[in-house]
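Reading the structure
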Amino acid sequence: MTLFRKPIPVEEAVKRGMEVQQITKEEMVTLEESAGRVLAKDMYAPHPVPWFLRSPYDGYAVNAEATKAAGENSPIWLEVLGTIGAGDVWEGTVEINQAVKIMTGAAVPKGATAIIMRELTLEEVREGKTYVRIKRRLKDGENVSQIGEDMKEGQLLVHKGTFINAGVAALLATFGYETVPVCKKPRVGIIATGNELLNLGEELQPGKIRNSNAYMLQAQVIRSGAEPVYFGKVGDTFESTVQVMEKAMKETDLVLTTGGVSVGDFDYIPKAYEALGAKLLFNKIAMRPGSVTSAATAGDKLLFGLSGNPSACYVGFELFARPVIRTMLNMDKPYLQKIQAMLKTDIVKANPFNRYVRSKLSFSEGRTYVEPSGRDKSNMVSSLAGANCLAVLPGGTRGWEAGSIVDVLLLDDQEGMAIWE
Ligand code: AMP
Ligand code: MG
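Keep in mind that this is a model prediction, so the values were computed, not measured.

Here the focus is the site of ligand 1. Lining the immediate surroundings of ligand 1 are 13 residues, of which Glu-196, Asn-211, Ser-212, Gly-260 and Gly-308 lie closest. One of the backbone N or O atoms of Gly-308 is found 2.9 Å from an oxygen atom in ligand 1. Here ligand 1 loses 76% of its free accessible area of 480 Å² to cover by the protein chains. Within the shell around ligand 1, the residues separate by chemical class into two nonpolar, eight polar and three charged.

What follows concerns the domain arrangement of the protein. As far as domains go, the protein holds domain 1 (10-23 + 186-328), domain 2 (29-48 + 154-183), domain 3 (59-134) and domain 4 (338-410). Once you take the C-alpha centre of each, domain 2 and domain 4 turn out to be 36 Å apart.

Bringing the sheet that holds strand 18 (residues 294-298) into the picture now. Spatially, 14-11-15-19-18-16 is the arrangement adopted by the six strands of the open sheet, whose pairing is mixed. Of all the strands in the sheet, just strand 14 (227-234) and strand 16 (279-282) have a single pairing partner and so form its edges. Adjacent strand axes in the sheet meet at a mean angle of 20° when their direction is disregarded. Pairing between strand 11 (residues 187-193) and strand 15 (residues 254-258): five bridges, direction parallel. Residue Ile-191 lies in a different strand from strand 15, and its bridge partner there is Thr-257. Packed on one face of the sheet, helix 4 (residues 213-224) meets strand 11, strand 14, strand 15 and strand 19 (301-306) and runs near 165° to strand 14. In this fold helix 5 (residues 238-251) packs onto strand 11, strand 14, strand 15, strand 18 and strand 19, with an angle of close to 165° to the strand it touches most, strand 14.

Within this structure, the stated rule accounts for 19 salt bridges. Across the salt bridge formed by Lys-25 and Asp-253, the nearest N and O atoms sit 3.7 Å from each other. Of this pair, Lys-25 sits in the loop between helix 1 (10-18) and strand 1 (26-30) while Asp-253 sits in the loop between helix 5 and strand 15, and the two are 228 residues apart along the sequence. Judged by its relative accessible area of 24%, Asp-253 is partly exposed. Measuring nitrogen to oxygen at the nearest pair gives 3.3 Å for the salt bridge that ties Arg-126 to Glu-124. Look at Glu-124 and you get partly exposed, because its relative accessible area is 31%.

On the basis of which strands lie adjacent, the open sheet formed by six strands has the order 6-3-5-4-8-7 and mixed pairing. Each edge of the open sheet carries a strand with a single partner, namely strand 6 (114-117) and strand 7 (122-126). Averaged over all pairs of adjacent strands, the angle between strand axes in this sheet comes to 40°, irrespective of strand direction. Pairing between strand 3 (residues 59-62) and strand 6: four bridges, direction antiparallel. Bridge assignment links Val-62 to a residue of strand 6, and that residue is Ala-114.

Further remarks concern the environment of Ser-378. Mapped onto the elements, Ser-378 comes out in the loop between strand 23 (367-372) and strand 24 (389-393). C-alpha separation for the pair Ser-378 and Cys-313, spaced 65 residues apart in sequence, amounts to 8.7 Å.

Ranked by size, the top nonpolar core spans 45 residues in total, and within it Leu-256, Phe-304, Leu-319 and Phe-320 carry the most contacts. At the level of secondary structure, the elements contributing two or more residues to this core comprise helix 1, strand 11, helix 4, strand 15, strand 16, strand 19, helix 7 (310-328) and strand 24. Broken down by element, this core gets its largest block of residues, 10 residues, from helix 7. Among residues more than four places away in sequence, those in contact with Leu-319 are Val-10, Val-14, Met-287, Leu-336, Tyr-356, Leu-390, Leu-409 and Trp-420. Counting 20 residues, the second largest nonpolar core, distinct from the first, contains Ile-191, Val-244, Ala-298 and Leu-303.

So, on to unusual backbone geometry. With omega at -10°, the peptide bond leading from Val-49 into Pro-50 counts as cis. Inspection of the secondary structure assignment puts Pro-50 in the loop between strand 2 (43-44) and strand 3. A cis amide bond links Arg-288 to the next residue, Pro-289, at an omega of -10°. Looking at the element boundaries, Pro-289 is found in the loop between strand 17 (287-288) and strand 18. A positive phi angle is found at Glu-127, which is not glycine, with a value near 50°. For Glu-127, the position within the fold is in the loop between strand 7 and strand 8 (129-134). Of the residues examined, Glu-127 reaches a relative accessible area of 85% and is grouped as exposed.

Conventions we followed
- Residues numbered from 1 in each chain as written.
- Chains lettered and ligands numbered in written order.
- Predicted model: local features only at pLDDT ≥ 70, side-chain atom pairs only at ≥ 80, totals over all residues.
- Heavy atoms only, no water.
- Near = heavy atom within 4 Å.
- Polar contact = N/O pair within 3.5 Å; in protein donor to acceptor, adjacent residues only side chain to side chain.
- Areas by Shrake-Rupley, 256 points an atom, 1.4 Å probe, with all protein chains shown as cover.
- Nonpolar A, V, L, I, M, F, W, Y, C, P; charged D, E, K, R; others polar.
- Domains from an automatic or database assignment.
- Pairing = 2+ DSSP bridges.
- Helix = DSSP H or I, 4+ residues; strand = E, 2+ residues; numbered from the N terminus.
- Axes fitted to C-alpha atoms, helices over the stretch in contact; angles between N-to-C directions.
- Contact = heavy atoms within 4.5 Å.
- Salt bridge = Lys/Arg side-chain N within 4 Å of Asp/Glu carboxyl O.
- Buried < 20%, exposed > 50% of the residue type's maximum accessible area, 1.4 Å probe, protein only.
- Core = buried A, V, L, I, M, F, W, Y, C linked by side-chain atoms within 4.5 Å.

Take a look at the structure:
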């Protein structure tokens, strides 16, 4: 086996992963359960909204015709027949010289063609009858929410592949959808490799470290919309690595390993790929951190070999695995949303390769700023907790000055981008 690996550009690595055919499965869940999931079908409006003429204000429902002669100096008085609140329906008809007091959201009574806001009127009781004073002319339909004004019957409400946020939940509830077709969460297997790894509850021992990547990846998988399936940690032996990978491949839709992917004496992922008959998609990428990030296909399963270095593992997941998961979820904008921001600090670091720096955004005086969320070394965990984006620093430069505009990939965004650019 040769130790030399030819680096490919990041976009080429992304493309190779995305070219692997993925299938999406659907399931029905209750509307309550659908928050945070992804719609599997286009959803249409089964009826218009509003579906009856509605009052947008507290006021009086009148016949506009009656106000023809009304003006600042020529008030008219209409008899108020009664009051309706939201949810009530006025049984009678409003005649030309009559009005019905109406509350926001109530159905406009028959015969009424306009609403006047309560603030513009005056009410008076004379000889046991209530009258309302109107000092302006109303147009037909004025202040009446029309049928279908918000949404027409049969209209496309939300596309399949849409992330169900609070607004989408409100929209679906408006039409009474009790259950919602969503994409099944892809099951993403996670395997941590390394003799040095301790489980969470274990005491520190000389030379050992806690396995943080497994938990980081589980959180990343959840954030991407998928379901993590953790297969535990495996020691640096060929047999156990192959064994757990075979199991993970059987039980999940996509397999992530962390560690053991480089050229070290105890890095068994490349050999495991061979033993599993996997076809290598890439094993070296022109980027920092995570240049050893690898991917392969075995049967119809995609395997990502992420670096063991925490930051490299983090970045590798977001750049390569996340868009695949989003595709499995039928989302047509699978890539991280890219924006531009101004560097807040100098970053002095010469590098031939693109750098993806764990960073955080800030906003001030109409500008978006970005700065590293901690020290930028791939073995550092501390910079991960504060990161809400990755600053993209193109390779081939000696460093970057505060004030320069750089690309930034958003990590907590649900919108995404349709293409990688
Ligand atoms: P490797 O990619 O296996 O060569 O590991 C690279 C570095 O990352 C080494 O310092 C490992 O100890 C560390 N590392 C590997 N796996 C993990 C993990 N699951 N959690 C935290 N650090 C890890
Ligand atoms: Mg290792």
